Each structure stands twice: as structure tokens, then as C-alpha cells.
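Chain residues, written in single-letter form:
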Amino acid sequence: MNQKSFQSKLQKLFIGKTPLKKRLALALVSSFSLSFTLFLFGPLDLTYNGKNFINCTILELTPFCIPFWFITFAALAIPTCLVGGKIHSFLVSTYCGLSLGLYIQGNFLNNDLGTLNGELVPWHNFGDNVIINYIIWFLILIIPFLFHYFSRKTWKNFVLIVTCTLSIMQMSSLSIKMFSQFETDHDKTISRNNKFGLYLGEQYVLSPKENIIVFLLDQTSGDEMQRAINDFPNTLDPFHDFTCFDNMNSNYVGTFPALAHLLTMKDYDYANEGFNDFFKNAWNSETANSFYDSLQQKGWKINFYIDSNYGAGNIQNMKGKITNAIENTTDNYVINKESFRKLIKLSLYRYLPIGMKAPFWVTTTDISSLLIYDENFMIFDSNKSVDYFHEHGIKLSGEEKLFSLYHYKGAHPPYVLTSTGQRAAGLTNIREQVSGYMFVISEIINQMKELNIYDSSTIIITADHGYYPPPANPQSIFYIKRPGETHTEIQYSHAMISQENFLPTIASAAGLDSSIYGKTVLEISENQQIERCATFWKEDPNYPLQPGHKYNAMEKCCYTGNVDALLENYNSNKCEAHPLFDYFY
């Protein structure tokens, strides 16, 4: 090959005959479509759709997304404009094919990957789907190249039509969602409600006088605790002063509505009540008003450390009842860079082929605190709370009596805690994490003993719900130590208790008239036969499934006896299912 021939081939490859002005339109629309889908529309659309879990609106997030998108757009468009020839055609065709593939994948090809609640996706089960998905992607990607091969004019029209259509559709959808935030009461108050938060700056500051401390281990049943003990035999050794109630009914199985029900005793009318209305009605119910007002009148300070998205919906619902549910006076907010980075990962998780999704898996907790007014007002994260305890330890402050409640991950994924309560470099497993959280609680107890506040404290270790769906055990663990209670080993009771007995037990420990709210766990004997009911989320083929949601019904199972009686009724189809009025999961 002579030098002249080589230069001619390079010219065809990088320069070509098409002038810059004609290359400009194709380069801009194809670069815009690809970058807009992944880095502007994707994150903002996910933020809007996840407004029940994320602490900001798309209006607030847009100023942070635009620079990130623009840099990406420029990085794609500038070289595509500057080069000509076959490289220009290749880049434009690739951007167009990717834009079309991302749209089809994000809207039509994603399998049911479950909810992003930390439960690991079983990618090994997607073998055939991954291969089929890659074949579809290959066919989509070669379409622009085929048009270019047969007709350059048709190719130009195809690229312009596809990329412009996709961009217009996404911009229209985004505009409607932005406008709707001014139209609905829920959305137009989100921005103001961001300034309300659960103050986290006193997480492990306890009272020198009296303490009621509740540790909720998410999704932890007696079976999960026993498996943890089998692997780590010393798990329960520090808890010899406690009484274990091993027949604790979970009224609702799922953090929503279980957590709000546990804290307010409000039943969820799932067939007729929206979840936002449920949160509002629960925290403004006669029982909730009476219980929390009475505690405060008795001189109790109440600090809850929970994910308010599941326990209250809107933190303002808890204002006036929970002491650390307060308004942050800081007006300026900044982007939480870590959460924003994970939101971008989530956008890639949504749009990439199934076989490429795994590295971009995140959880709802990862992106819940996108905006930060103050580090002490971020969404509560139990793993970060454990880190906080290791760093600061237990401290004493004030003269008020204190009721503190901590909602730990427990048996809920992702499993990242070691058996000694430390954050692992990678993943552990459910048994080790349960043992790890019990280790953390034992360390808290040890420090309470050193500070001479253990003997005077009521300490409860329970769960918002057990494991599900059956045949897993849906019942919750329940351990209690009363002031002055000491044993050489754990005491056991088989009494048929329920989460309905939780608030009365707290009321009694706080010196209130507990009979107003029902019976305490200690007032129920092992001989009493009590019918209890557990309600499960259900994917029921008899009812329509709402797009984007996993469950379309709830199933109520009533039983008398222990968990075996519950599972027998469940397996015998003696439960009653009803369609949902509103969708949460």
C-alpha cells in the first residue's frame, strides 16, 4: 500500500466528504438522546416514581443533574461533530442504536427483578433470559448500521426520527411530572417537608434516670434467631436477664404497614385506604394522640430512629409526638454525592441489558437521602447507626426519662454486618448479621451497666415482623427485661402474645394506665387461648397487577395456637385475600 492510498483510507475513515454543518445535526441529536436518557431523564424519572422513598422532588434535583448530563452530552457530541467519515457514521449509529435499546429495555424487557429492598437478585437464575436479551440488543444495535449500508439518506432520516422521537417523548413525560408536582398536595409539600427530619445527633444519648429502650430487628423471626445461634452459639449469652416470648404474632408481615401499626395500633384498611391516608390517620388516631401525649405529660422524652418512609410516610405526621421529629432551621441544602452517584447507578441498572445489571444494583436506602440540609437529618440507616455507636458510645444527658426505639436491619438484606457487629468489606449472611446486631445490643447493654443505668431500664428486643412468605416463620422475636429483673439464664413463655400488646407494655413500663390500650405481654398467661391474625402481602392472579408494583392484594390468616397453626391455615387456604386500594410495594 503506497502512502497516497493510505492517506485516502484515513480520510474516508476520519474526515469523509460531509461538511461539518451537515454532520452537526446528527451528532447533536444522537448524543443528546443517549446522554439525556441515562443521565437526566433516567435519574429524574426514578426520583419521581420513587417519591415515597426519596427525600426530594425532581424540581429540586434537576439543578444537580443538568451539569452532570451536560458534561456527558458534550463529551459525546464534540468528538462526534469534529470527526467525519466512517468514524462519524459509526458513532452516530452506535448512539442511535443504544438510545433505542435503552428505551426498549427500560420499558419492555426488564424481568421481575424484585423490589430494591436489599434482597439480592438471583442472577444465576436468569441464564436463558440473559442470552435472549443480548440477542435482542444485538438486533436493535445493528438496525442503524443496516440503514447506513443500504441507503445513507434513509439512515440519516432514521437517526433523526428515532432520536428526536425518543427525546421528545421523554421531555414531554418529564414536563408533565414536573408540572404535576405543583398540582398534587402530596408532591407540592415534599420540598417543605424535607426540612422535617428525625434528629440523629443524640442516637446513643440516654437518660441517667429511667430508660425504655426498644430494638426492632427487621424481619427477624424465632427461626432466624435460632439459625444464628446454631452458627454462633454465644449469641444470646449476654441476655440471661431477659424473658423470651416465643409465640409473638406479627399483625402485618412487611415493614409497611407493620411498623406504623406497631407504633400506633392503627389497623390498615388496605381494601379502602390509601397508604398516605393510613399514615396520617394512624399518627393522628385517638390511640396515638392519647399514648404519646400521656408519655410526654409523664415527663418522657421520645426519640425514634426509624426509616420514616415506612413508619410515618411524612415526618410531619409524627411532629409533636416524637421528640426528635423536628424542623431543621437550615435553609441551604446540598446534594448527597454518594446517594446521587447511586441514583446514576440505578438509572444504568434500569436501562442496561439484564446480563450487565448486577454491578449497578442498589437499594432504596442507598438513594433515600439525596438532599442534605444537615448530616443529623439524613434518613436513618441502621448500619450507619452501628458505626455511630462504635465511634461515640453511650452517653448520658439531661434529667428527662427517655423512651428510645432503634429499627435495625436484623434479618433484612443486604447482609453486611459481621458477628462482632462490624461492617464487613463485602457481604456476610443472614445468620451472621442477626448475631452481629445482637452483639451490638449486648455492647450497648455493657456500656449501660458501666454507667449504672441498666438495672433501672426496660429493654425490649423485638421485630416489626417475621420472615415471609410462608413456609418461612412470619412471627416476630420478643425479649423483654424489666427494671431490676435478673436471671442466670433466659426465661421462656409460650403465651399467645401479639403486636397489639406492644404499646400497652410500653405504657405500663412508663407508669401509664396500660389498660386503656389493652393487655401487656406480661398479663397474658400461657394457658389463654387467643385467636390472632397475621396479614401478608400477596401477588394474587385473581386481581389486576399494577405496573411497577409486585403485590396487588393482602391476605389475612387467623389462627389459635403457635406458628404451626398459622402455617397450617395458610397452606390449607383458610386465609382471606382482598385487592389493594393503593399500592406500596
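Residues numbered from 1 in each chain as written. Predicted model: local features only at pLDDT ≥ 70, side-chain atom pairs only at ≥ 80, totals over all residues. Heavy atoms only, no water.

Engineer: Give me the overall build of the chain: which residues, what numbers.
Structural biologist: Within the chain, the regular secondary structure consists of 19 helices and 19 strands. Across its three principal axes, the chain shows a C-alpha extent of roughly 95 × 55 × 50 Å. The buried share of the chain, reckoned over its 585 residues, is 54%. Taking all contacts inside the chain whose residues are at least 6 apart in sequence as the whole, residues at least 24 apart take part in 77%. Accessible surface for the chain amounts to roughly 25700 Å². Of this, 56% is attributable to carbon and sulfur atoms. Of note, the chain has its 45 positive side-chain charges centred 18 Å away from the centre of its 54 negative side-chain charges. (Helix = DSSP H or I, 4+ residues; strand = E, 2+ residues; numbered from the N terminus. Buried < 20%, exposed > 50% of the residue type's maximum accessible area, 1.4 Å probe, protein only. Contact = heavy atoms within 4.5 Å. Areas by Shrake-Rupley, 256 points an atom, 1.4 Å probe, with all protein chains shown as cover. Lys, Arg positive; Asp, Glu negative; His and termini not counted. Charge placed at Lys NZ, Arg CZ, Asp CG, Glu CD.)

Engineer: So what's going on with the nonpolar core? Residues and values would help.
Structural biologist: With 110 residues, the main nonpolar core has F256, Y292, Y408 and I461 as its most contacted residues. The element best represented in this core is helix 17 (residues 430–450), accounting for nine residues. In this structure, L40, Y95, V130 and W361 belong to the second largest nonpolar core, which totals 41 residues. (Core = buried A, V, L, I, M, F, W, Y, C linked by side-chain atoms within 4.5 Å.)

Engineer: How would you summarise the packing of helix 3 (residues 58–82) against helix 14 (residues 337–351) if you had to cite specific residues and measurements?
Structural biologist: For the pair helix 3 and helix 14, interaxial distance at closest approach is 12 Å and the crossing angle is 70°. In this view, helix 3 runs roughly perpendicular relative to helix 14, as classed from their interaxial angle. As for how helix 3 packs across helix 14, the hand of that crossing is right-handed. Each of L61, F64, C65 and F68 in helix 3 lies in contact with helix 14, whose residues at this interface are F340, L343 and I344. Split into classes, the residues belonging to the contact of helix 3 with helix 14 amount to seven nonpolar, no polar and no charged. (Axes fitted to C-alpha atoms, helices over the stretch in contact; angles between N-to-C directions. Parallel < 35°, antiparallel > 145°, perpendicular 65-115°, else oblique. Left-handed = near helix turned anticlockwise from the far one by under 90°. Nonpolar A, V, L, I, M, F, W, Y, C, P; charged D, E, K, R; others polar.)

Engineer: Please provide a residue-by-residue account of the environment of P353, values included.
Structural biologist: Positionally, P353 belongs in the loop between helix 14 and helix 15 (364–367). Not counting chain neighbours up to four residues away, the residues in contact with P353 comprise Q105, N133, Y134 and W137.

Engineer: If you had to explain the environment of E555 to someone new, which residues and values would you point to?
Structural biologist: Looking at the secondary structure, you find E555 in strand 18 (residues 553–560). In this structure the C-alpha to C-alpha distance between E555 and N284, which are 271 residues apart in sequence, comes to 26 Å. Beyond its immediate stretch of four places on either side in the chain, E555 contacts A534, T535, F536, K538, Y570, C575, E576 and A577. At 3.5 Å, the side chain of E555 forms a polar contact with the side chain of K538. (Polar contact = N/O pair within 3.5 Å; in protein donor to acceptor, adjacent residues only side chain to side chain.)

Engineer: If you had to explain helix 10 (residues 255–264) to someone new, which residues and values would you point to?
Structural biologist: Counting buried positions along helix 10 gives 10 out of 10 residues, so the element sits mostly inside the fold. For helix 10, the full list of buried residues reads T255, F256, P257, A258, L259, A260, H261, L262, L263 and T264. One or two positions beyond helix 10, positive phi appears at M265, with a value near 65°.

Engineer: Pulling in residues and values, what's your account of the pattern of salt bridges?
Structural biologist: Going through the model one piece at a time under the given rule, you end up with 11 salt bridges. Between D45 and R350 there is a salt bridge, with its nearest N and O atoms 2.7 Å apart. Here D45, found in helix 2 (residues 20–49), pairs with R350, found in helix 14; they are 305 residues apart in sequence, far enough to count as distant. Each member of the pair, D45 as well as R350, is classed as buried. A cluster of three or more residues bridged by salt bridges with shared partners is formed by D45, K177 and R350. (Salt bridge = Lys/Arg side-chain N within 4 Å of Asp/Glu carboxyl O.)

Engineer: Tell me about the side chain of N473, and name the residues and values.
Structural biologist: For N473, the location among the structural elements is in the loop between strand 13 (458–462) and strand 14 (478–481). Reaching out from N473, the side chain makes a polar contact with the backbone nitrogen of Q475 at a distance of 2.9 Å. What N473 contacts, discounting residues up to four positions off in sequence, is S221, G222, D223, G466, Y467 and V563.

Engineer: Provide a residue-level description of the side chain of K401, including the pertinent values.
Structural biologist: Position of K401 relative to the elements: it lies in strand 12 (residues 401–408). Comment: no salt bridge for buried K401; closest opposite-charge side chain is E210, at 4.5 Å. Among the polar contacts listed, one links the side chain of K401 to the backbone oxygen of K298, at a separation of 2.8 Å. With residues near it in sequence (within four places) discarded, K401 still touches S207, E210, K298, G299, W300 and K301.

Engineer: Give me the lowdown on the environment of P579, citing residues and values where you can.
Structural biologist: Tracing the sequence through the fold places P579 in strand 19 (residues 576–579). When its relative accessible area of 33% is taken as the criterion, P579 is described as partly exposed. When the C-alpha positions of P579 and K538 are compared, they lie 9.1 Å apart, and in sequence the two are 41 residues distant. Those residues in contact with P579 that lie beyond four places of it in its chain are Y270, A271, Y543, N552 and A553.

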